[in-house]
Amino acid sequence: MTAALTERTLRHRDVAVTAEDIRQALGAVLDPELDEPITDLGFVRSLEITGSPAGAVVTVHLRLPTSFCSPNFAYLMASDSKDVITALHGVAAVVVELDDHHDSDLINAGLAADAGYRGTFGYEAEDSLEELRWTFRRKAHTAAMERCLTELLRADPTLAEESVGTVRLGDLTAGRTKDALLRRRTALGLPTQPSAVVLVDHNGVPYPPDNVPMALRRARSTRISIDGNAHFCRGLLRTRYAGSGADQTDRPEGAEPADHHHLLPFTVKEIHP
């Protein structure tokens, strides 16, 4: 437990679920835009487990970098959080609440009633949740693809940008970057065998040689946007909630030297009890 994330467990002797179980489950919930677990971002504000003969009652509070973060994304993270905790053995009931957001009351009421996305937002709902998920899965894959190919180009200065269109998964060096790409391809149902071409569109189709440089540049733009937003949101959260930096995990992708210095003179603008 850190100074920022609070945990409280009042356990009945028959309740087996633990705070660590809850944290691990929440680690599978991603911010759809930043492509990163909400636990790494510091979005989990508190969790409480109370016991009963029927099982555990889990209450989780989430927080976001600003009060005006996209309601669609906010609902998606809160709804996914409720789903992964509900699926745990020994959990009888789950309450997930979003704090300090301009749509907190609406989102929290929808979650409590299990109203679903469209039932929560009504006519304001723009797309289905599944459509949103696929949009950001594709962006995450694009960014992961670019990271791998850029890593390859930096390792071999003689490699021409135009030639990366023929690079295959088996040509990539094993490690964090390749593992991330394989996970993204699996999420999209794309092939992951060593012979599969790395630079492909969302349907898994390789680009013609003449289109490779532009495809790589567009992918780079997507990756820079995701990495930049991820670090920016981390800073906003630390500014908004004193001590929340202790709950964040460093993100090496797109990091600048200043990102590793948590003693920068941030001023907390809001006071949250």
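The coordinates are above.
A brief look at the structure comes next. Since the structure is predicted, the reported quantities are computational estimates derived from the model, not experimental observations.

In terms of strand pairing, strand 4 (residues 44-52) meets strand 5 (residues 55-62) through eight bridges, oriented antiparallel. Residue Ser-46 lies in a different strand from strand 5, and its bridge partner there is His-61. The antiparallel hairpin formed by strand 4 and strand 5 contains two residues in its connecting segment.

Let us now look at helix 4 (residues 104-112). Restricting attention to buried positions, one finds in helix 4 the residues Ser-104, Ile-107, Asn-108, Gly-110 and Leu-111. Projected down its long axis, helix 4 carries its buried residues within an arc of 160 degrees, all on one side. Among the exposed residues of helix 4, those pointing more than 90 degrees away from its buried face are Asp-105 and Ala-112. Residues of helix 4 that are buried make contact with helix 3 (71-86), strand 6 (91-98) and helix 5 (116-121). Remark: Asp-114 follows helix 4 within two positions and exhibits a positive phi of approximately 50 degrees.

Here we take up the nonpolar core. Among the nonpolar cores identified, the biggest contains 41 residues, and Ile-22, Ile-38, Ile-49, Val-58, Val-60, Leu-62 and Ile-85 are the most heavily contacted of them. Broken down by element, this core gets its largest block of residues, seven residues, from helix 3. Val-167, Leu-172, Val-197 and Val-212 belong to the second largest nonpolar core, which has 21 residues in total.

Let us now look at the environment of Arg-217. Tracing the backbone through its elements, the reader meets Arg-217 in helix 8 (residues 212-240). A C-alpha to C-alpha distance of 8.6 Å links Arg-217 and Glu-146, two positions 71 residues apart in sequence.

Two numbers describe how helix 1 (residues 19-26) lies on helix 3: the axes approach to 9 Å, and their chain directions differ by 130 degrees. By the criterion of interaxial angle, the relationship of helix 1 to helix 3 is oblique. Judged by the sense of rotation from one axis to the other, the crossing of helix 1 with helix 3 is right-handed. Contacts between helix 1 and helix 3 involve Ile-22, Ala-25 and Leu-26 on the former and, on the latter, Ser-81, Val-84 and Ile-85. Of the residues assigned to the contact of helix 1 with helix 3, the class counts are five nonpolar, one polar and no charged.

Next up on the list: the side chain of Ser-81. Tracing the backbone shows Ser-81 in helix 3. Since its relative accessible area comes to 0%, Ser-81 is described here as buried. Residue contacts for Ser-81: discarding those within four places in its chain leaves Leu-26, Val-29, Ile-38, Leu-62 and Val-96.

Moving on, we get to the pattern of salt bridges. The full count for this structure, using the stated rule, is 18 salt bridges. Note that Glu-161 and Arg-220 form a salt bridge whose closest N and O atoms lie 3.9 Å from each other. Note that Glu-161 is positioned in the loop between helix 6 (129-155) and helix 7 (176-188) and Arg-220 in helix 8, a separation of 59 residues in sequence. Assessed through its relative accessible area of 21%, Glu-161 is described here as partly exposed. Judged by its relative accessible area of 22%, Arg-220 is partly exposed. When salt bridges that share partners are traced, they join Glu-36, Glu-146, Arg-147, Glu-161, Arg-217, Arg-220, Arg-223, Asp-227, Arg-234 and Arg-251 into one network.

Cut-off values and rules
Residues numbered from 1 in each chain as written. Predicted model: local features only at pLDDT ≥ 70, side-chain atom pairs only at ≥ 80, totals over all residues. Heavy atoms only, no water. Pairing = 2+ DSSP bridges. Helix = DSSP H or I, 4+ residues; strand = E, 2+ residues; numbered from the N terminus. Buried < 20%, exposed > 50% of the residue type's maximum accessible area, 1.4 Å probe, protein only. Arc of directions from axis to C-beta. Contact = heavy atoms within 4.5 Å. Core = buried A, V, L, I, M, F, W, Y, C linked by side-chain atoms within 4.5 Å. Axes fitted to C-alpha atoms, helices over the stretch in contact; angles between N-to-C directions. Parallel < 35°, antiparallel > 145°, perpendicular 65-115°, else oblique. Left-handed = near helix turned anticlockwise from the far one by under 90°. Nonpolar A, V, L, I, M, F, W, Y, C, P; charged D, E, K, R; others polar. Salt bridge = Lys/Arg side-chain N within 4 Å of Asp/Glu carboxyl O.

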